Amino acid sequence: MKIAIDGPAGCGKSTVAKEVSKRLNIPYLNTGLVYRATAYVCVKEGIEPDDALRVFEKPFEVKLDVAKTEVFYRGEEITDRLSSEDVGNVASQIATVPAFRERINQYFRALVGDGSVVAEGRDAGTHIFPDAEIKVFLTASEEERARRRYEQLKAQGMEVDFESVLKAIVERDQRDRDRPLYPFRPAEDAVLIDTTGVSVEEVVERVLKLVEERV
Ligand code: C5P
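A few points on the structure. Just so it is clear, the model here is predicted, and its values are computed rather than measured.

**Brief notes about helix 8 (residues 200-214)**
Look at helix 8: 21 Å from first C-alpha to last across 15 residues, which is about the 21 Å you get at 1.5 Å a residue. Where helix 8 is concerned, the buried positions are Val 203, Val 204, Val 207, Leu 208, Leu 210 and Val 211. End-on view of helix 8: buried residues confined to an arc of 150°, all on one side of the axis. More than 90 degrees from the buried face of helix 8, the exposed residues found are Lys 209, Glu 212 and Glu 213.

**Notes on the side chain of Asp 173**
By secondary structure assignment, the location of Asp 173 is in helix 7 (residues 162-178). Excluding residues within four positions of it along the chain, Asp 173 makes contact with Pro 8, Ala 9 and Arg 145.

**Re helix 6 (residues 142-155)**
The end-to-end C-alpha distance of helix 6, which contains 14 residues, comes to 20 Å, matching closely the 20 Å that a straight helix rising 1.5 Å per residue would cover. Buried within helix 6 are the following residues: Glu 144, Arg 145, Ala 146, Arg 148, Arg 149, Tyr 150 and Leu 153. On its buried face, helix 6 is in contact with helix 2 (31-45), helix 3 (85-94) and helix 7. Two residues or fewer past helix 6, Gly 157 is found with a positive phi of approximately 85°.

What counts and how
Residues numbered from 1 in each chain as written. Predicted model: local features only at pLDDT ≥ 70, side-chain atom pairs only at ≥ 80, totals over all residues. Heavy atoms only, no water. Helix = DSSP H or I, 4+ residues; strand = E, 2+ residues; numbered from the N terminus. Expected span 1.5 Å × (residues − 1). Buried < 20%, exposed > 50% of the residue type's maximum accessible area, 1.4 Å probe, protein only. Arc of directions from axis to C-beta. Contact = heavy atoms within 4.5 Å.

This is the structure in C-alpha cells:
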C-alpha cells in the first residue's frame, strides 16, 4: 500500500507521516530530505542550483539512508543540519529544475518498488506515486504553519525569530507553487485536511480511517 502525504511547509506532514508509518508498520519516506541534502552540498561545494544533479556524482560522496532518514556527507552525518529555513530556501530553488525532479523521482520509485510506503513531500501523490491508494493533502493557516516551524527550529537550538520564519515559508511556498514545470498542487483525488487548530493525533486518526475505508 502506498500512502502519499503532501502539503506546504509547516503543515505537519512529517509528524503525521512518521506516526502513520509507525502505526501501520510501513516504511517512511521523507522526499524533502533529499532536496535539503542536495541543497546543503550545493552550498558547501559552490554548485549552482541549476547544476544540482552533480551532487549525485563522485566526488561529492553523499550517502542517503532514506529508510533511516539519515544523510551522510563525506562520511559525516549531516541530518540535523538540514532543517534550517536557509537550507529549505536553496532546496526550493533546486526543486524548480525539472531534470532534477525527474531524476530524483525515478530514484524514489526505484527505492520503493512494489513495496509499501508512507511518502511525504510536495508531489508524492501527483508525480512520484500517482497510483497511491491513499492521497492526503494537509494545509493550515500561514501563521500556524510559521508558528510550528518556529517552535521546531527553536527546539533544535536554532536562533530564530517568528517574523523571519513566516516570511521564509511564505516565499518558499510561493516559489513551490509558481514553478513553471511540476508546480506544487494537491492531487485531484487527494483528501484535503485543514490541520489549523487540530491535534496531530486527530489528523493521524483521520488518515488511518481513510486507510481502513479504502483498502
Ligand atoms: O518538505 P521540506 O520542507 O523539507 O522540503 C523542502 C523543499 O524541497 C520544499 O520547499 C520544496 O521546494 C522541495 N520539495 C519538492 N518536492 C518534494 C519535496 C520537497 O519540491 N517532494
